Amino acid sequence: MATQYEIEHNIKPSPTSRRRRQVDMTTFTAHLSNIAPTTTSPTPETHHNNPHAVPNPADLSALFRLLQDQMGTLATTAPTPENRHFLEELVSSLELDVSNPPTSIPGVSQEFVDSLDRVPRKTLKKDDTCPICAEAYLDDKYCLVVELPCHHSHRFDLECVGPWLRSKGTCPLCRKELEKKKEVVKEDSEDEEDMDGLYA
């Protein structure tokens, strides 16, 4: 499967370009696309008879179980105790969502994920690693590292953090909700101009 970077830059992946600890999120992504409401105009493949339909609890539970399984798979091959502990925390935090799924997917939109700030390769240090897969970013010839808006040091491989963001909507490190961080705030001067127009 091609990485996000390879897709964005139309690069055909080589057989040896797959990273050692990269998990396959194909099933998760397919399931998410089947149950997530569409934010763009529906196509025949994504059109639902009821536009107000929400995913049922079994679908939501399965979504979180798929994410939990992948994080658990990474934990079994964690290169450090710190990475194993972090991944086990993510796995256990997903248990509540598996057993008592929320009424809707709390994750961020794909547009939000696509708009995350990219970290330039030249600013990465040799020992900088992704908190999720624990691999050095620079070991990947086409690494795509994103910085979350909650803190400048919260950086991840996009492929590692994307599924978490799409399903949970929080930073895996600090658990802050992220969708609210990128909202546009109106300036007070605009409100004052509107008020002036009301009384003219």
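Everything discussed here concerns the structure shown above.
The shown structure was predicted, so the numbers you read here are calculated from the model rather than taken from an experiment.

Definitions and limits used
Residues numbered from 1 in each chain as written. Predicted model: local features only at pLDDT ≥ 70, side-chain atom pairs only at ≥ 80, totals over all residues. Heavy atoms only, no water. Helix = DSSP H or I, 4+ residues; strand = E, 2+ residues; numbered from the N terminus. Buried < 20%, exposed > 50% of the residue type's maximum accessible area, 1.4 Å probe, protein only. Contact = heavy atoms within 4.5 Å. Salt bridge = Lys/Arg side-chain N within 4 Å of Asp/Glu carboxyl O. Arc of directions from axis to C-beta. Axes fitted to C-alpha atoms, helices over the stretch in contact; angles between N-to-C directions. Parallel < 35°, antiparallel > 145°, perpendicular 65-115°, else oblique. Left-handed = near helix turned anticlockwise from the far one by under 90°. Pairing = 2+ DSSP bridges. Nonpolar A, V, L, I, M, F, W, Y, C, P; charged D, E, K, R; others polar. Core = buried A, V, L, I, M, F, W, Y, C linked by side-chain atoms within 4.5 Å. Expected span 1.5 Å × (residues − 1).

Can you help me understand the overall build of the chain in this one?
Scanning the chain from N- to C-terminus turns up seven helices and three strands. The linear arrangement of helices and strands in the chain, starting from the amino end, is α-α-α-α-α-β-β-β-α-α. Across the 200 residues that make up the chain, the buried fraction comes to 35%. Across the chain, contacts joining residues at least 24 apart in sequence account for 67% of those joining residues at least 6 apart.

Quick question: what am I supposed to make of the pattern of salt bridges here?
Where charged atoms from two side chains of opposite charge approach closely, those side chains can pair. Evaluation of the coordinates by the stated rule reveals two salt bridges. When the shortest N-O distance is used, the salt bridge between K168 and D97 registers 2.4 Å. Of this pair, K168 sits in helix α6 (residues 158-168) while D97 sits in helix α4 (residues 81-99); the two residues are 71 residues apart in sequence, bridging distant segments of the chain. Accessibility assignment for this pair places K168 and D97 in one class, buried. Between R155 and E147 there is a salt bridge; the shortest N-O distance is 3.3 Å.

It is not clear to me how helix α2 (residues 26-35) should be interpreted in this structure. Could you clarify?
Along an α-helix, a turn takes 3.6 residues, which lines up residues three or four apart on a common side. Residues F28, H31, L32 and I35 constitute the buried set of α2. Projected onto a plane normal to the axis of α2, the buried residues spread over an arc of 100° and lie on a single side. Buried residues along α2 sit against α3 (57-76) and α6.

In this structure, what is going on with the packing of α3 against α6? I would like to understand it.
As a packed pair, α3 and α6 sit with axes 11 Å apart at the nearest point and diverge in direction by 150°. By the angle between their axes, α3 is roughly antiparallel relative to α6. In this structure, the crossing between α3 and α6 has a hand that is left-handed. Two secondary-structure elements touch here, α3 through L63, F64, L67 and M71 and α6 through C160, P163, W164, S167 and K168.

I tried to follow the sheet that holds strand β2 (residues 145-147) on my own but got confused; where do I start?
Strand pairing within a sheet occurs via backbone hydrogen bonds; the two strands may be parallel or antiparallel. The strand order across the open sheet built from three strands is β1-β2-β3, with neighbouring strands paired in antiparallel fashion. In this open sheet, the two strands that pair with only one neighbour each are β1 (117-118) and β3 (155-157). Where β2 and β3 come together, three bridges link them in antiparallel fashion. Bridge assignment links E147 to a residue of β3, and that residue is R155. Across the face of the sheet, α6 comes into contact with β1, β2 and β3 while running at roughly 100° to β3.

Can you help me understand the packing of α3 against α4 in this one?
To describe two helices that pack against each other, one gives the angle between their axes and the distance between the axes. Taken N-terminus to C-terminus, the directions of α3 and α4 make an angle of 165°; their axes are 9 Å apart at the nearest point. As the angle between them shows, α3 and α4 are arranged roughly antiparallel. In this structure, α3 meets α4 at a crossing whose hand is left-handed. Residues S61, F64, R65, L67, Q68, M71, G72, L74, A75 and T76 of α3 pack against R84, L87, E88, L90, V91, L94, E95, D97 and V98 of α4. Per-class residue counts for the contact of α3 with α4 are ten nonpolar, four polar and five charged.

Would you take a moment to explain the nonpolar core for this structure?
Core analysis: the biggest nonpolar cluster contains 42 residues, and I132, L148 and L165 have the highest contact counts within it. For this core, the elements supplying multiple residues, two or more each, are α2, α3, α4, α5 (110-114), β2 and α6. Per-element tally for this core: the top contributor is α3, with seven residues. Once residues lying within four places of it in the same chain are set aside, the contact partners of I132 are R21, M71, L74, N83, F86, L87, F156, C160, V161 and P172.

Please explain α4 as it appears in this structure.
A rise of 1.5 Å per residue sets the reference length of α4, with its 19 residues, at 27 Å; its end C-alpha atoms lie 27 Å apart and thus fit the reference within 8%. Within α4 the residues assigned to the buried category are N83, F86, L87, L90, L94, D97 and V98. Contacts made by the buried residues of α4 are with α3 and α6.

Keep in mind these numbers describe shape, not what the thing actually does.
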